[in-house]
Amino acid sequence: MTSSIDLPANALVALTRESLIALRTALFRDVGVGAVAPLQEAGYAGGQAMYDAFGRWLASRGLASPDALAAAEFSLRATEFFRETGWGGIAVGALDGVATIDSADWAESDPAYPLEFPGCYYSSGMLADFFGRLAGEPLAAMEVECRSMGGSRCRFLVGSADMLQHIYDEMARGVAYEQAAS
Ligand SMILES: [Zn+2]
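This structure is a prediction, so every number in the text was calculated from the model and none was measured.

**Some details on the packing of aromatic side chains**
Aromatic ring pairs: the centre-centre distance and the angle between the two ring planes describe each pair.
Piece 1. All told, the structure shown has 16 aromatic pairs when counted by the stated rule.
Piece 2. Between the aromatic rings of tyrosine 51 and phenylalanine 130, the centroid separation amounts to 5.4 Å while the plane-to-plane angle is 80 degrees, which identifies the pairing as edge-to-face. With a gap of 79 residues between them, tyrosine 51 in helix H3 (residues 47–59) and phenylalanine 130 in helix H5 (residues 121–135) connect regions that are remote in the sequence.
Piece 3. Site record: aromatic cluster; members linked through ring pairs are Tyr51, Phe54, Trp57, Phe74, Phe81, Phe82, Trp87, Trp106, Tyr122, Phe130, Phe131 and Phe156.
Piece 4. Arginine 61 extends its terminal NZ or CZ atom over the ring of tryptophan 57, reaching a point 3.9 Å from the ring centre.

Here is the structure:
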């Protein structure tokens, strides 16, 4: 299937995976943990354009707006959309208190450039804004598993800032995120 995404009409720019990986690798090398906030901020700033593009992409297929799709339909269409835009497939699920977004081929991750921590910070920002627009309220996102750490998938938790802060604090105490989210 050929892509139907009109990049300029959707305020999108084609960026190569290599450039994205090189950017985050160089930032972590030269700036260290200080790279996290700028990458998240950049991703967050692009959430609206991605959400709007998803809405147009759905409309061009005669489908309802993102917030009007049933959960299963949303997950199916969102994975098609993120694949077509080059990010990778996603599976949307839930733990007790947060949504989960899993991807086995996420574009910001690269097992060839291993990290000791989840590294998809641009994506965390983008997904927080994207799913916040879907939910109609501000949300936060945190990556808890990452292919850049040698895992089989990237897993993002999306929920309220308070809930994610709680999970973050619990993880810092050595509690598994699955337990912290319950
Ligand atoms: Zn990742």
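**Observations concerning the pairing of strand S4 (residues 154–159)**
Piece 1. Among the six residues of S4, six are classified as buried, and the element is accordingly described as predominantly covered.
Piece 2. Side chains of S4 alternate between two faces, with Cys154, Phe156 and Val158 and Arg155, Leu157 and Gly159 buried alike.
Piece 3. The pairing of strand S2 (residues 99–103) with S4 spans five bridges and is classified as antiparallel. Following the sheet pairing, isoleucine 101 is matched in S4 by phenylalanine 156.
Piece 4. Here five bridges tie strand S3 (residues 140–145) to S4, and the two strands are oriented antiparallel to one another. By the bridge assignment, glutamate 143 is partnered in S4 with phenylalanine 156.

**What about the coordination of the zinc ion?**
Piece 1. For the zinc ion, the protein coordination sphere consists of Cys120 (SG), Glu143 (OE), Cys146 (SG) and Cys154 (SG), at 1.9 to 2.3 Å.
Piece 2. If you look at the zinc ion, its four donor atoms make angles of 98 to 117 degrees with each other, and the shape they trace is tetrahedral.
Piece 3. Each donor residue of the zinc ion belongs to the same chain, and together they define the spacing C-x22-E-x2-C-x7-C. There is no split in this pair, since cysteine 146 and cysteine 154 are both buried.

**Points about the pattern of salt bridges**
Piece 1. Counted according to the given criterion, the structure contains nine salt bridges.
Piece 2. Arginine 29 is the partner of aspartate 30 in a salt bridge, and the nearest nitrogen-oxygen pair spans 2.8 Å.
Piece 3. The class for aspartate 30 is exposed, based on a relative accessible area of 54%.
Piece 4. Notably, a salt bridge pairs arginine 133 with aspartate 129, separated by 2.6 Å at the nearest N-O pair. Placement of both arginine 133 and aspartate 129 in helix H5 is noted, with a separation of four residues, approximately one turn of the helix.

**Focus: the layout of surface pockets**
Piece 1. Reported here for the largest pocket is a volume of approximately 530 Å³.
Piece 2. Only helix H1 (17–31), H3 and H5 provide two or more residues apiece to the lining of the largest pocket.
Piece 3. Take the lining of the largest pocket: its biggest share by element is three residues, from H1.
Piece 4. Here the residues of the lining of the largest pocket sort into 15 nonpolar, five polar and two charged.
Piece 5. The calculated volume of the second largest pocket comes to roughly 420 Å³.
Piece 6. Around the second largest pocket, the lining is made up of 16 residues, and of these Gln40, Ala141, Met142, Glu143 and Tyr168 lie nearest the centre.

**Details of the sheet that holds S4**
Piece 1. Across the sheet, which stays open at both edges, the four strands sit in the order S1-S2-S4-S3 with antiparallel pairing between neighbours. Two strands lie at the open edges of the sheet, namely strand S1 (91–94) and S3, each paired on one side alone. The average undirected angle you get between the axes of adjacent strands in this sheet is 25 degrees.
Piece 2. In the sheet, S1 pairs with S2 via four bridges, with the strands oriented antiparallel. Counted as the bridge partner of alanine 94 is alanine 99 from S2.

The rules behind each value
- Residues numbered from 1 in each chain as written.
- Predicted model: local features only at pLDDT ≥ 70, side-chain atom pairs only at ≥ 80, totals over all residues.
- Heavy atoms only, no water.
- Phe/Tyr/Trp six-rings, centres within 6.5 Å; stacked < 30°, edge-to-face > 60°.
- Helix = DSSP H or I, 4+ residues; strand = E, 2+ residues; numbered from the N terminus.
- Lys NZ or Arg CZ within 6 Å of the ring centre and 35° of its normal.
- Buried < 20%, exposed > 50% of the residue type's maximum accessible area, 1.4 Å probe, protein only.
- Pairing = 2+ DSSP bridges.
- Donors = N, O, S within 2.8 Å, 3.2 Å for Na, K, Ca; no water.
- Tetrahedral: all angles 85-135°; square planar, octahedral: opposite > 155°, others 65-115°.
- Salt bridge = Lys/Arg side-chain N within 4 Å of Asp/Glu carboxyl O.
- 1 Å grid on protein atoms, 1.4 Å probe; cavity = no way out; pocket = protein on both sides within 12 Å on 5 of 7 lines; lining within 4 Å.
- Points joined across faces, edges and corners; volume = space filled by probe spheres on them.
- Nonpolar A, V, L, I, M, F, W, Y, C, P; charged D, E, K, R; others polar.
- Axes fitted to C-alpha atoms, helices over the stretch in contact; angles between N-to-C directions.

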